[in-house]
Amino acid sequence: MEPTKKILIITYYWPPAGGPGVQRWLKFVKYLPEFRWKPTVFIPENPSYPIVDETLEREVSEDLETIKTRIWEPYQLAEIFGKDNKKFKAGQFDVGKNQSWKSKLSIWVRGNFFIPDARVFWVKPSVEYLKKYLKENQFDAFVTTGPPHSMHLIGLELKKEFSSLKWIADFRDPWTEISYYKHLKLTKSADQKHRSLEQKVFETADITLATSYADAENFRKKGANSFCITNGFDENEVENSVEEKNSKFTLSYIGVLEQLRNPEVLWKVLNELVSQNEAFKNAFELKFVGKIDDKILSEIERSELKYLVNNLGYLSHSEANIEMTNSDLLLITNFPDESSKGIIPGKIFEYLATGKQILSFGPKDSDVKKILEATKAGKHFSYDDESELKTFLSEKFEEWKSGISNSQTQNIEQFSRKNLTKKLTELL
């Protein structure tokens, strides 16, 4: 049956962009036509992506209409101040004792001059282009997805002109509630401007989407008509990964790991196990797939673990899925503070699909913990659960040695990308 309704998706991240930011709408776009919605995607013509994964372009249908305008981004100016500022593109930067004066200055400029973010220069040309485009083409709804949250400013302007068009503001991460917001060295007036713009988006959008239950609740408290549609996994990708038996007891981290989510307690406990248990030392492998902060890597280099690390660097999405499947334990980390308990890293759903056990770190009563308990897919720890963590790792190692896995993952089909797209279309 032919799609009967049309939806415009306004996004900064799109293939060949890599990393988790691109996955959400790439998958929605893939499955929307099955539910009689025809998507069109609006993207920048010359973006500056922190990670590129050209294999994701294979997932974009040849039938998909894509429209583009040029963007100017000031990141090349930030990089003059120091190579560490390249992290800004991915929403990362040095913290605490690791900050140089150049880094501090760049963070201050980023937070106070580019509100809400450095892609704000794309707002005006995009609004001009899309006003004309929407007058000439009939649509039923449009989506803005952030970060970068400047995408939502495009939405605010379009909604003024096209009040009957349904606007969905999709927050893959929170705006002022995200953990690094307090590290932006904001002046009082800059902070007020960020909060005021966020409030306008919440009050104006017809639907605000959150990727976690806690975020949806927080957005509702601020006046948004908010619903949670989590990220998920694509069943096809999991079916295509072939599992091999490991010769090593392998703990893998897949994705970006920055200083604010560094599980120092894990490195400490692993070092103890390596020095106290010869069998563990001979069998253990710590595998990294993705971008691990240099300062975290150098910390591990100074420890017993340095001989047991297999750092594969950034791999394509499909290669990363294979590495996931060929692991015994999968590591996921969140920011330690209480305000981050609503963050559900998108990686957890791909982890779930492998059926492997997940080792998670973050605030005590987090949404991730709820998902792990509901699916029996692993264990969640706070950053000070040292003795419990040691017991858990020792148990998993003994299971691995005996060849008997107690993994009984259940109830994961609710997180398939197709079921989540169905949920989206029901909301629409």
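The shown structure was predicted, so the numbers you read here are calculated from the model rather than taken from an experiment.

Engineer: Looking at this structure, how should I read the environment of Asp-170?
Structural biologist: Among the structural elements, Asp-170 can be located in strand β5 (residues 166-171). The class of Asp-170 is buried, set by a relative accessible area of 0%. On a C-alpha basis, the gap between Asp-170 and Trp-25 in space is 9.8 Å, while along the polypeptide they are 145 residues apart. Apart from residues lying up to four places away in sequence, Asp-170 is in contact with Arg-24, Trp-25, Val-143, Thr-144, Thr-145, Gly-146, His-152 and Leu-209. Separated by 2.8 Å, the side chains of Asp-170 and Trp-25 make a polar contact.

Engineer: Any chance you could explain the nonpolar core here in plain terms?
Structural biologist: Across soluble globular proteins, nonpolar side chains have a tendency to be buried as a group. Residues Leu-8, Ile-10 and Ile-154 are the most contacted members of the largest nonpolar core, which totals 63 residues. The contact partners of Ile-10, leaving out residues within four places of it in the chain, are Phe-42, Leu-130, Phe-142, Val-143, Thr-144, Thr-145, Met-151, Ile-154 and Leu-158.

Engineer: Looking at this model, I keep getting lost on the sheet that holds strand β7 (residues 226-228). Mind explaining?
Structural biologist: Across a sheet, paired strands are connected by hydrogen bonds in the backbone, their directions being either parallel or antiparallel. Taken in spatial order, the seven strands line up as β3-β2-β1-β4-β5-β6-β7 in an open sheet, and their pairing is parallel. Every other strand in the sheet has two partners, leaving β3 (65-69) and β7 as the edge strands with one partner each. In this sheet, neighbouring strand axes are inclined to one another by 25° on average, regardless of whether the strands run parallel or antiparallel. Sitting on the sheet, helix α7 (residues 213-221) touches β5, β6 (207-210) and β7, and the angle it makes with β7 is about 175°. Set on the sheet, helix α16 (residues 417-427) makes contact with β2 (37-44), β5, β6 and β7; between it and β6 the angle comes to about 160°.

Engineer: Just to check I follow, could you spell out unusual backbone geometry for this structure?
Structural biologist: Most of the time, phi is negative for any residue but glycine, and the peptide bond is trans. That bond from Pro-15 to Pro-16 is cis: its omega, 20°, falls within 30 degrees of zero. Each neighbour pair has its own omega, and for Ile-115 with Pro-116 the value is 10°, a cis peptide bond. Among the secondary structure elements, Pro-116 is positioned in the loop between α3 (101-113) and α4 (123-136). In this model, Arg-36 sits at a positive phi of 65°, which is unusual for a non-glycine residue. Tracing the backbone shows Arg-36 in the loop between α1 (23-31) and β2. The phi dihedral of Asn-411 falls on the positive side, at around 55°, and the residue is not glycine. Looking at the element boundaries, Asn-411 is found in the loop between α15 (386-402) and α16.

Engineer: Mind showing me how you'd approach the sheet that holds strand β9 (residues 284-289) here?
Structural biologist: Spatial strand order, β10-β9-β8-β11-β12-β13: six strands in an open sheet with parallel pairing. A single partner strand is all that each edge strand has here, and the edge strands are β10 (309-311) and β13 (378-381). Pairs of neighbouring strands in the sheet enclose a mean axial angle of 20°, with direction left out of account. In the sheet, β9 pairs with β10 via three bridges, with the strands oriented parallel. In the strand pairing of β10, Lys-287 is matched with Asn-310.

Engineer: I would appreciate a short explanation of the pairing of β6 in the present structure.
Structural biologist: Remember that side chains alternate between the two faces of the sheet whenever the strand is regular. Of the two faces of β6, the one carrying Ile-207 and Leu-209 and the one carrying Thr-208 and Ala-210 are both buried. Across four bridges, β5 lies against β6 in parallel orientation. Bridging across to β6, Asp-170 finds its partner in Leu-209. The sheet contact formed by β6 and β7 spans three bridges and is parallel. Paired with Ala-210 across the strands is Cys-228, a residue of β7. Handedness of the crossover joining β6 and β7 through α7 is recorded here as right-handed.

Parameters and conventions
- Residues numbered from 1 in each chain as written.
- Predicted model: local features only at pLDDT ≥ 70, side-chain atom pairs only at ≥ 80, totals over all residues.
- Heavy atoms only, no water.
- Helix = DSSP H or I, 4+ residues; strand = E, 2+ residues; numbered from the N terminus.
- Buried < 20%, exposed > 50% of the residue type's maximum accessible area, 1.4 Å probe, protein only.
- Contact = heavy atoms within 4.5 Å.
- Polar contact = N/O pair within 3.5 Å; in protein donor to acceptor, adjacent residues only side chain to side chain.
- Core = buried A, V, L, I, M, F, W, Y, C linked by side-chain atoms within 4.5 Å.
- Pairing = 2+ DSSP bridges.
- Axes fitted to C-alpha atoms, helices over the stretch in contact; angles between N-to-C directions.
- Right-handed = clockwise from strand over helix to strand, strands pointing away.

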